[in-house]
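# Structural overview
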Amino acid sequence: MKIFNTLTRNVEEFVPNVEGKVSMYTCGPTVYHFAHIGNLRSYIMEDVLEKTFRYLGYDVKRVMNITDVGHLSSDADTGEDKMLKGARREHKTVMEIAKYYTDAFFADCEKLNIKRPDVVEPATNCISEFIHMIEVLLQKGYAYQAGENIYFDTSKLKDYYVFSSQSEKELMVGVRDDVEEDTNKRNKSDFVLWFTKSKFDNQELKWESPWGVGYPGWHIECSCISMKHLGEFMDIHCGGVDNIFPHHTNEIAQSEAYVGHKWCNYWFHVHHLNDKSGKMSKSKGEFLTVSLLTEKGYHPLVYRMFCLQSHYRKPLEFSYEVMDNVAAAYQKLVKKIAELKDEGSIDETGFAEYDAKFKDAIGNDLNTSMAITVVYDVLRSGLNDKTKRALIESFDKVLSLDLLNAPVEEEEVDEELTQYVLARIEERKEAKKEKNFQRADEIRNELLSKGIAIEDTREGVRWRKLS
Ligand code: AMP
Ligand code: ZN
């Protein structure tokens, strides 16, 4: 298995600490709102990663935290706790918000066939572990107390910016919102391990600690929760690219200061899903959810296929035009598969040949679009139906697109009509670009006369047949 490692910026052969076993950690959601489909792109690709390891025969233990405290509106420790923001927005308590959005997150995951990690641990379950880690960091001289907060002292490390080839300025993209200067910090890059009451009086959830009543910083939770369940050595840690800095940089700093040796060997980061105005984010307030896609008539697995068709290390722009194409391709694919007869016997040689092709694709830094191409290759091959079915069933353990049991829509997808409408939409876009609004209106009317209504949205043009 070859995988790109953000730590070395190279595609490397994956070698786990213990032969045949993989310890894997995923930064979980901050549960103050619904997950948007950008967040879910990261979780879909991490799910494919986990399933690929399993497919290749590894015994995987995967842990995920739930961030229900400490993630402030700027990743650089300023602003207020996102959970508090969510609670205020909905006139509920923080714990009510956490429960509601944690359940909503796993319901979305289920719709997208994202497997639940083996361990899921909310941050608020582990306060005593956080306090213990912070005490050790203080004893070892890696942390200091200032203004009643506890900070990690990044100057104590030889290499704080471990994700090296990125400049400090580049890394700051992850730091959103305001970045107000905290005068308690000894160094600009120091970060908070524990906040006390003195700084944030309005924090709803607070705990006793040796440094006063307060609450943990965001980064400490992932170091503690991963070590609690996976021990001092971890194979692979995952997240979206915005987690690289400061979150993962800080996790490495405090974890390695705590254990005194290298902590995690591979770092897997999924690039962002963007909409027309840039990165999709919860704090922007306007974002797409799985429910919204369903309301607009898309099966959630069409979105999974949309994600699998592009590489996880490339930014991906969401548009309804592409979703329409994927929806049509998905229907055509499952229909073809449904026609395969469950008769005859498996051709073992043929099976092995195509299975090896699939493993080559998926094991090559998770080339998911190539893996989907192998499904088409199988369908086109001269293998008997029984072997084709067995192969596709096997590949679907990783792809999880319900290829053998997806409901086949009664209504034929009219491929010709879809392509005609998409071409007219493209033509209208060009006309608008050239400020030829008369032509743009003509195209809209032409489509209307054929019973097709179009709607302009932030994510591109949507079309539907008028009933
Ligand atoms: P959060 O709930 O904000 O803590 O984010 C949950 C996960 O989604 C993290 O791994 C983020 O890095 C990831 N993420 C956030 N925004 C996007 C996006 N637009 N595209 C892909 N992943 C994202
Ligand atoms: Zn994390």
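This write-up is about the structure you can find in this document.

So, how was this worked out
Residues numbered from 1 in each chain as written. Chains lettered and ligands numbered in written order. Predicted model: local features only at pLDDT ≥ 70, side-chain atom pairs only at ≥ 80, totals over all residues. Heavy atoms only, no water. Donors = N, O, S within 2.8 Å, 3.2 Å for Na, K, Ca; no water. Helix = DSSP H or I, 4+ residues; strand = E, 2+ residues; numbered from the N terminus. Buried < 20%, exposed > 50% of the residue type's maximum accessible area, 1.4 Å probe, protein only. Pairing = 2+ DSSP bridges. Axes fitted to C-alpha atoms, helices over the stretch in contact; angles between N-to-C directions. Contact = heavy atoms within 4.5 Å. Parallel < 35°, antiparallel > 145°, perpendicular 65-115°, else oblique. Left-handed = near helix turned anticlockwise from the far one by under 90°. Nonpolar A, V, L, I, M, F, W, Y, C, P; charged D, E, K, R; others polar. Core = buried A, V, L, I, M, F, W, Y, C linked by side-chain atoms within 4.5 Å. Domains from an automatic or database assignment. Expected span 1.5 Å × (residues − 1). Polar contact = N/O pair within 3.5 Å; in protein donor to acceptor, adjacent residues only side chain to side chain. Arc of directions from axis to C-beta.

Octahedral six-donor coordination of a metal ideally yields angles of 90 or 180 degrees, compared with 109.5 degrees for tetrahedral four-donor coordination. Coordination sphere of the zinc ion (ligand 2), protein contribution only: Cys27 (SG), Cys222 (SG) and His247 (NE2), at 2.0 to 2.1 Å. Counting along the primary sequence, the residues that act as donors to the zinc ion (ligand 2) give the motif C-x194-C-x24-H. Here the residue Cys222 occupies a position in helix H6 (residues 219-230), and His247 occupies one in helix H7 (residues 244-259), the gap between them amounting to 25 residues. By the burial criterion, Cys222 is buried, and His247 matches it.

Whenever strands of a sheet pair, they do so through backbone hydrogen bonds, lying parallel or antiparallel. Spatial ordering of the open sheet is given by E5-E4-E3-E10-E11, a layout of 5 strands whose pairing is parallel. A strand with exactly one partner marks an edge of an open sheet, and here the two such strands are strand E5 (119-122) and strand E11 (264-270). The sheet shows a mean angle of 20° between the axes of neighbouring strands, taken without regard to direction. Examined bridge by bridge, strand E3 (residues 21-26) and strand E10 (residues 234-240) share 3 bridges and lie parallel to one another. Looking across to E10, one finds that Tyr25 is bridged to His237. Along the sheet, H7 makes contact with E10 and E11, crossing E11 at roughly 170°.

In this section: the packing of H6 against H7. Between H6 and H7, the shortest axis-to-axis distance is 8 Å and the interhelical angle comes to 55°. By the angle class used here, H6 and H7 are oblique. In this structure, the crossing between H6 and H7 has a hand that is right-handed. Counted together, His219, Ile220, Cys222, Ser223 and Met227 of H6 and Pro246, His247, Asn250, Glu251, Gln254, Ser255, Tyr258 and Val259 of H7 form the full contact between these two elements. Considered class by class, the residues forming the contact of H6 with H7 number 6 nonpolar, 6 polar and 1 charged.

On to the nonpolar core, then. Counting 87 residues, the largest nonpolar core has Leu49, Phe53, Tyr303, Phe318, Leu399 and Leu403 as the members making the most contacts within it. If you tally residues by element for this core, the top one is helix H1 (residues 37-55), at 9 residues. Composition of this core by domain shows at least three residues from each of domain 1 (2-270) and domain 2 (290-399). The contact partners of Phe53, leaving out residues within four places of it in the chain, are Met1, Phe14, Val22, Met24, Tyr58, Val60 and Ile236. Counting residues in each nonpolar core, the second largest holds 47 residues, with Ile131, Phe191, Leu230 and Ile252 among its members.

Right, let's talk about H1 for a bit. The end-to-end C-alpha distance of H1 is 26 Å, a good match for the 27 Å that 19 residues give at a rise of 1.5 Å each. Taken across its 19 residues, H1 has 17 buried, putting it largely inside the fold.

Attention shifts here to the environment of Glu446. Relative to the assigned elements, Glu446 resides in helix H15 (residues 437-449). In contact with Glu446, other than residues within four places in its own chain, are Tyr420, Arg424 and Arg439. A distance of 3.3 Å separates the side chain of Glu446 from the side chain of Tyr420, its partner in a polar contact.

This part takes up H15. The terminal C-alpha atoms of H15 lie 18 Å apart, and with 13 residues this matches the ideal 18 Å at 1.5 Å per residue to within 8%. Among the residues of H15, Ala440, Ile443 and Leu447 are the ones counted as buried. Looking straight down H15, one finds that the buried residues subtend no more than 60° of arc, so they occupy a single side. Opposite the buried face of H15, by more than 90 degrees, sit the exposed residues Gln438 and Ser449. Considering only its buried residues, H15 is in contact with helix H14 (415-433) and strand E15 (452-457). Directly beyond the C-terminal end of H15, a positive phi value near 80° is found at Gly451.

Where helix H2 (residues 82-90) contacts helix H3 (residues 94-111), the two axes come as close as 8 Å, and the packing angle between them is 95°. Taken together, H2 and H3 sit at an angle that is classed as roughly perpendicular. Across the interface between the two elements, Met83, Leu84, Gly86, Ala87, Arg89 and Glu90 of H2 pack against Val94, Ile97, Ala98 and Tyr101 of H3. Class assignment for the residues of the contact of H2 with H3 results in 7 nonpolar, 1 polar and 2 charged.

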